[in-house]
Amino acid sequence: GAVVSQHPSRVICKSGTSVKIECRSLDFQATTMFWYRQFPKKSLMLMATSNEGSKATYEQGVEKDKFLINHASLTLSTLTVTSAHPEDSSFYICSARERRGPGANVLTFGAGSRLTVL
Amino acid sequence: SQELEQSPQSLIVQEGKNLTINCTSSKTLYGLYWYKQKYGEGLIFLMMLQKGGEEKSHEKITAKLDEKKQQSSLHITASQPSHAGIYLCGAAPYNFNKFYFGSGTKLNVKP
């Protein structure tokens, strides 16, 4: 089946540094990828929608300059947390949309990345 | 944005008991997805429903989408400890340019 590889699975960084998280669709082309953030004991919050070759669409309240999203190819999207601070510590997860026919959209999720900012 | 409300927020059941989780949408659903997650881990796809009145089953889990396509239920029969986790419903608008999740239901199954 479809696989989405998300890397790194865990990352610890110092406050003020930037961290990049990659999301790759391994055996299908993903024109759309979604990025989520999950707070402790909460559901997944949609941060932004990433479309190949165009600018990401951010949800209200999500800082574009803080969370840079790039979707340079049909198989790769990246999320960069810039100038990270402890409040950015969270679980980030991506998903890739695969079209399997009219109205038949399948979402495959990465395993997630746990970011800890010291 | 599409708002998905799940109930209950959490559930503790004895092994062997049946249970139901509900997901209600503020807008018409064009596709309703159910996932299971262990917190801090990836999501496991359970089922997708598209048509009003549709019902799907996989092992001991059955999901239904109502005729009006605004509410879905997930039913687990004879629950087992392996069913424990967080259950999430998710949906997208017609053009699938976003995908939102419900508030989640945390399930514990006591042996």
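Scroll up to find the structure.
This report concerns the structure included in the present document. (Residues numbered from 1 in each chain as written. Chains lettered and ligands numbered in written order. Predicted model: local features only at pLDDT ≥ 70, side-chain atom pairs only at ≥ 80, totals over all residues. Heavy atoms only, no water.)

## Details of the interface of chain B and chain A
How big an interface is tends to be stated in terms of accessible area lost as the parts join. Tallying the contact residues gives 21 residues for chain B and 22 residues for chain A. Overall, the association of chain B and chain A removes approximately 1700 Å² of surface from exposure, summing both partners, and the carbon and sulfur fraction of that is 55%. In this structure, the connection of chain B to chain A is made through 1 salt bridge. Lys98(B) is the salt-bridge partner of Glu59(A), the closest N and O atoms lying 2.7 Å from each other. Taken together, the connections running from chain B to chain A amount to 7 residue pairs in polar contact (both at pLDDT 80 or more). At the level of secondary structure, the elements contributing two or more residues to the side of chain B that touches chain A comprise strand E4 (32-37), strand E5 (43-49) and strand E10 (100-101) of chain B. (Contact = heavy atoms within 4.5 Å. Buried area = accessible area lost by both parts, 1.4 Å probe. Salt bridge = Lys/Arg side-chain N within 4 Å of Asp/Glu carboxyl O. Polar contact = N/O pair within 3.5 Å; in protein donor to acceptor, adjacent residues only side chain to side chain. Helix = DSSP H or I, 4+ residues; strand = E, 2+ residues; numbered from the N terminus.)

## Comments concerning the state of the cysteines
In this structure the tally under the stated criterion is 2 disulfides over all chains. With a sulfur-sulfur separation of 2.0 Å, Cys23(A) is cross-linked through a disulfide to Cys94(A). Across the disulfide from Cys23(A) to Cys94(A), rotation about the S-S bond amounts to roughly 80°, and the bridge is consequently right-handed. Of this pair, Cys23(A) sits in strand E3 (residues 19-25) while Cys94(A) is found in strand E9 (residues 90-99), placing the two residues 71 residues apart along the sequence. This pair shows no difference in class: Cys23(A) is buried, exactly as Cys94(A) is. Residue Cys23(B) pairs covalently with Cys89(B) via a disulfide, S to S 2.1 Å. Taking the torsion about the S-S bond as the criterion, the Cys23(B) to Cys89(B) disulfide, at about 75°, is right-handed. On the criterion of sequence distance, the pair formed by Cys23(B) in strand E3 (residues 19-25) and Cys89(B) in strand E9 (residues 85-91) is long-range, its members being 66 residues apart. Taken as a pair, Cys23(B) and Cys89(B) share a single burial class, namely buried. Summary of cysteine pairing: Cys13(A) is not part of a disulfide, and the nearest cysteine sulfur, belonging to Cys94(A), is at 18 Å. Classification of Cys13(A) as buried rests on a relative accessible area of 9%. (Disulfide = S-S within 2.5 Å. Buried < 20%, exposed > 50% of the residue type's maximum accessible area, 1.4 Å probe, protein only.)

## Details of the side chain of Arg97(A)
Relative to the helices and strands, Arg97(A) resides in strand E9. Of the side chains bearing the opposite charge, Glu98(A) lies closest to the buried Arg97(A), which forms no salt bridge; the N-O distance is 10.0 Å. Of the polar contacts made by the side chain of Arg97(A), one reaches the backbone oxygen of Phe96(B); its length is 3.4 Å. Discounting chain neighbours no more than four positions away, the residues touching Arg97(A) are Phe28(A), Gln29(A), Ala30(A), Thr31(A), Thr32(A), Phe34(A), Asn105(A), Val106(A), Leu107(A), Asn95(B) and Phe96(B). (Lys, Arg positive; Asp, Glu negative; His and termini not counted.)

## Here's the deal with the packing of aromatic side chains
Each aromatic ring pair is characterised by the separation of its centres together with the angle its planes make. Using the criterion set out here, one finds 16 aromatic pairs over all chains in the structure. A ring pair is formed by Phe109(A) and Tyr35(B), whose centres lie 5.1 Å apart and whose planes are at 80°; its orientation type is edge-to-face. Taken as a pair, Phe109(A) in strand E10 (residues 105-109) and Tyr35(B) in strand E4 lie in two separate chains rather than in one. Measuring from ring centre to ring centre gives 5.7 Å for Phe109(A) and Phe101(B), while their planes differ by 55°; the resulting arrangement is tilted. (Phe/Tyr/Trp six-rings, centres within 6.5 Å; stacked < 30°, edge-to-face > 60°.)

## Looking at the side chain of Thr78(A)
Residues and elements named next belong to chain A. You can see Thr78 is positioned in strand E8 (residues 76-81). For Thr78, a relative accessible area of 9% corresponds to the buried category. Apart from the residues within four sequence positions on either side, Thr78 is in contact with Lys20, Ile21, Glu22, Trp35, Leu68, Ile69 and Asn70.

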